[in-house]
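Each chain, letter by letter, is given below.
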Amino acid sequence: MRERVPLVYFHGVEPGSYVAAYPVFVVGDAPAALTFMLQVDDASAALAMDIGRGRVAEDEAAARRAYVTRSVRQRLHQVAFRERVLRAYQERCTLCSLRHQELLDAAHIIPDSDPEGEPVVSNGVALCKLHHAAFDLLFFAIRPDYVIEVRPSILAGHDGPMLIVGLQQIHHRRILLPRRPIDRPDPLRLERRYEEFLRAS
Ligand SMILES: [Zn+2]
């Protein structure tokens, strides 16, 4: 902390899996609580600081680090949420079983902008890009008994094979569930989302 040595912080996502944030500086120490405080900085700005511009530069750095730390923390939480959800669903879409990582997302059941939208696995489902967008737009809902219900207007549509296979044929199918019961979608959150779906249908 005294020598302002830049460090690398490894944020644990799962046992044996980390996301790195750098450069990180120790900015506070609380020996009684056996903790210390870290802040992340912008790499190029931190390097420029080394030239040393005195007090003004220190104040500027504090504000910048607070901002960078906030956004890095948010990103770490998002990355961790995605990793945990995809792992729980064995890296496949819970609706169509698509396994291409690049086309998979961790979708929130209750959005993260909502106070109940915590980044926990039971508030997520692994979905491919198509099913994620359709889920967010309430084209379908997952009922608390894990059965999919598609909106009547979508079921009545006619266009191409993607609509038939991707959206119409998933109606009344049961989703693929994570092995561990603790990772399964929370029925109360699904219920809330399902009610919203019924109002929109
Ligand atoms: Zn899918």
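So, here is what we can say about the structure in this document. (Residues numbered from 1 in each chain as written. Predicted model: local features only at pLDDT ≥ 70, side-chain atom pairs only at ≥ 80, totals over all residues. Heavy atoms only, no water.)

Concerning the coordination of the zinc ion
Binding of the zinc ion to the protein goes through Cys93 (SG), Cys96 (SG), Cys128 (SG) and His131 (ND1), at separations of 2.1 to 2.4 Å. In this structure, the zinc ion is surrounded by four donor atoms whose angles at the metal cover 96 to 118°, and the resulting shape is tetrahedral. Expressed as a motif, the donor residue spacing for the zinc ion is C-x2-C-x31-C-x2-H. Since its relative accessible area comes to 35%, Cys96 is described here as partly exposed. (Donors = N, O, S within 2.8 Å, 3.2 Å for Na, K, Ca; no water. Tetrahedral: all angles 85-135°; square planar, octahedral: opposite > 155°, others 65-115°. Buried < 20%, exposed > 50% of the residue type's maximum accessible area, 1.4 Å probe, protein only.)

Re unusual backbone geometry
In this structure, Pro23 follows Tyr22 across a cis peptide bond, with omega equal to -10°. Looking at the element boundaries, Pro23 is found in strand β2 (residues 17-30). Phi is positive for Glu91, which is not a glycine, with a value near 55°. Relative to the helices and strands, Glu91 is located in the loop between α2 (55-88) and β4 (104-108). Classification of Glu91 by relative accessible area gives partly exposed; the value is 29%. Residue Tyr146 is not a glycine yet carries a positive backbone phi of 70°. Judged by relative accessible area, Tyr146 falls into the buried class, the value being 12%. (Helix = DSSP H or I, 4+ residues; strand = E, 2+ residues; numbered from the N terminus.)

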